[in-house]
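Each chain is listed here by its residues.
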Amino acid sequence: MNVDEQVSSYYDLLLKRNAGEPEFHQAVAEVLDSLKVVLEKDPHYGDYGLIQRLCEPERQLIFRVPWVDDDGVVQINRGFRVQFNSALGPYKGGLRFHPSVDLGIIKFLGFEQVFKNSLTGLPIGGGKGGSDFDPKGKSDAEVMRFCQSFMTELHRYIGEYRDVPAGDIGVGGREIGYLFGQFRRLVNRHESGVLTGKGLSWGGSLVRTEATGYGLVYLTQEMLAAHGSSFDGAKVIVSGSGNVAIYAIEKAQELGATVIGFSDSSAWVETPDGVDVELLKEVKEVRRGRVSEYVDNAQGATLHTDGSIWDLACDVALPCATQNELGGEHARKLYENGCHFVAEGANMPSTAEAIEFFREKGVHFAPGKAANAGGVATSALEMQQNASRDSWSFDYTDERLRKIMSNVFTHSAEAAEEYGRPGDYVLGANIAGFKKVADAMLAQGVI
Ligand code: NDP
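It should be emphasised that the depicted structure is a prediction, and the values quoted were computed from it without experimental measurement.

S.K.: An account of the pairing of strand 2 (residues 74-85) is needed here, citing residue identities and associated values.
M.R.: Successive side chains on a regular strand alternate, one facing one side of the sheet and the next facing the other. Of the strand pairs in this sheet, strand 1 (residues 59-68) and strand 2 are connected by 10 bridges, and their pairing is antiparallel. Bridge assignment links Leu61 to a residue of strand 2, and that residue is Arg81. Between the antiparallel neighbours strand 1 and strand 2 lie 5 residues, among them Gly72 with a positive phi of about 80 degrees. Sheet topology places strand 2 next to strand 4 (residues 126-131); 6 bridges connect them, and they run antiparallel. Note that in strand 4 the partner of Phe80 across the bridge is Gly130.

S.K.: Lay out helix 14 (residues 374-387) in plain terms, naming residues and giving numbers.
M.R.: Taking 1.5 Å as the rise per residue, helix 14 with 14 residues should run 20 Å; its terminal C-alpha atoms sit 20 Å apart, in good agreement. Taken across its 14 residues, helix 14 has 12 buried, putting it largely inside the fold. Turning to helix 14, its buried residues number three or more, namely Gly374, Gly375, Val376, Ala377, Thr378, Ser379, Ala380, Leu381, Glu382, Met383, Gln385 and Asn386. On its buried face, helix 14 sits against strand 3 (91-97), helix 4 (103-119), strand 5 (163-166), helix 7 (208-226) and helix 15 (394-418). Positive phi shows up at Arg389, right after helix 14, with a value of about 50 degrees.

S.K.: Lay out the sheet that holds strand 8 (residues 268-270) with the relevant residues and their values.
M.R.: Spatial ordering of the open sheet is given by 9-8-7-6-10-11-12, a layout of 7 strands whose pairing is mixed. Two strands bound the open sheet, and with one partner strand each, they are strand 9 (302-304) and strand 12 (364-366). The average undirected angle you get between the axes of adjacent strands in this sheet is 20 degrees. The sheet contact formed by strand 7 (residues 258-263) and strand 8 spans 3 bridges and is antiparallel. Within the sheet, the bridge partner assigned to Ser263 lies in strand 8 and is Trp268.

S.K.: Go over the site of the ligand, please, and point to the residues and values.
M.R.: Lining the immediate surroundings of the ligand are 24 residues, of which Asp168, Thr212, Ser265, Arg290 and Asn347 lie closest. Interatomic distance of 2.4 Å between a side-chain N/O atom of Ser265 and an oxygen atom of the ligand. Within the complex, 82% of the 880 Å² of free accessible area of the ligand lies under protein. Listed by contribution, the elements that provide at least two residues to the shell around the ligand are helix 7 and helix 8 (243-254). Here the shell around the ligand is composed, by residue class, of 5 nonpolar, 13 polar and 6 charged.

S.K.: So, the packing of helix 15 against helix 16 (residues 425-444): which residues are in play, and what are the values?
M.R.: In the contact formed by helix 15 and helix 16, the axes pass within 7 Å of each other and the chain directions differ by 100 degrees. Our classification of the angle between helix 15 and helix 16 gives roughly perpendicular. Judged by residue contacts, Phe409, His411, Ser412, Ala413, Ala415, Ala416 and Glu418 of helix 15 engage Tyr425, Leu427, Gly428, Ala429, Ile431, Ala432 and Lys435 from helix 16. Taken together, the residues that form the contact of helix 15 with helix 16 break down as 9 nonpolar, 3 polar and 2 charged.

What counts and what doesn't
- Residues numbered from 1 in each chain as written.
- Predicted model: local features only at pLDDT ≥ 70, side-chain atom pairs only at ≥ 80, totals over all residues.
- Heavy atoms only, no water.
- Pairing = 2+ DSSP bridges.
- Helix = DSSP H or I, 4+ residues; strand = E, 2+ residues; numbered from the N terminus.
- Expected span 1.5 Å × (residues − 1).
- Buried < 20%, exposed > 50% of the residue type's maximum accessible area, 1.4 Å probe, protein only.
- Contact = heavy atoms within 4.5 Å.
- Axes fitted to C-alpha atoms, helices over the stretch in contact; angles between N-to-C directions.
- Near = heavy atom within 4 Å.
- Polar contact = N/O pair within 3.5 Å; in protein donor to acceptor, adjacent residues only side chain to side chain.
- Areas by Shrake-Rupley, 256 points an atom, 1.4 Å probe, with all protein chains shown as cover.
- Nonpolar A, V, L, I, M, F, W, Y, C, P; charged D, E, K, R; others polar.
- Parallel < 35°, antiparallel > 145°, perpendicular 65-115°, else oblique.

If you want it as structure tokens, here you go:
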């Protein structure tokens, strides 16, 4: 069997065994495609069922989450935790609370997390979890009761050396607080290393809130520099207006860029003179409002409920909202309007068609696996601080983050070069992430 046939056989089996999970299929297809050159050069990576084991989570948990709403009505949600791979360290990855969450979405996120965590160079395995619970429009008390019920089941499966969840879409500081409180109560121990993204006075790390957005900008800075460009004077689009987007906007503007647009799921906002980051934080982090409230209070910002944010002419695009938000048509439009750099803050925000188009046209493209690794990397730094009962300064932690992102970029670029496709950061990130996990799995035997 040649390598193409070998990889097709893995993928066909995966489709059969994981029906109805298109996002998981998409994530695996991209990685398998990158691994063909590795299997050609180093066929031993095809031994011992290594690739098939990599694509099969070590454990998948699905559980009922009953809770009582403010009207006294019982609500039932579904909870998930997919513990994908622990060859490099305890499972590590966020929890997502969003109505679209299902097993396939959690599996795609967990799969990506394995490679991303490996790329950071830190000792963390990959996992992901969440629920189809929608925190939007719920009172604090409802969110608290939901989190308590969710943790009542989840606590059996997590721990500092076992599995360390964090935030993702719909899970921020408030939710982590309620989850940690319930965990602490159930186990009767202040085991701070069990969750990351904690408050600063009870085991959290400085820079964790900013880390994914800042890390995205640090990595993009490296990519821009590698191609003779910089953020200074650049026009940048950032989709979304959540945790990742806000801090990507903040750091890009600090480096001299003008962020000309951002969005949420209700609308997008055109900001030709840049974003007032303090106002955006007030609207999104404090009031939990919609982007229209930003426009109501800002100078020179326009709200759009039709068209697409990707229609704006920019130099750099940073998709930071959700999966498959940037399709083939959007990619074409970005390119026609002069955009030559795209880096993913969200997980898999670009469709396969968009990525292929960017590759054909020579648009420099950093995949989420590499570009948004700063969040989990700083979570691992939070774990280090918890283990040593220490807390580091903002500047020290930020500098560690910056170095990690620089290494992620360098390792991805070097792997792309080594396998004959210089500048293909998708290929490079997949291969660099893969090799470290694969070597650990081979060393640890068939388990
Ligand atoms: P938040 O919940 O803080 O923000 C998500 C943002 O994306 C909101 O503006 C939200 O708008 C928008 N959004 C969500 N779903 C959709 C949708 N279906 N269509 C359009 N817009 C949507 O999440 P984060 O910022 O934490 O996460 C954003 C992305 O980054 C996700 O892909 C996540 O997996 C990824 N990521 C996050 C990390 C982190 O540390 N937080 C780490 C690495 C990756 P609205 O409020 O209207 O729903």
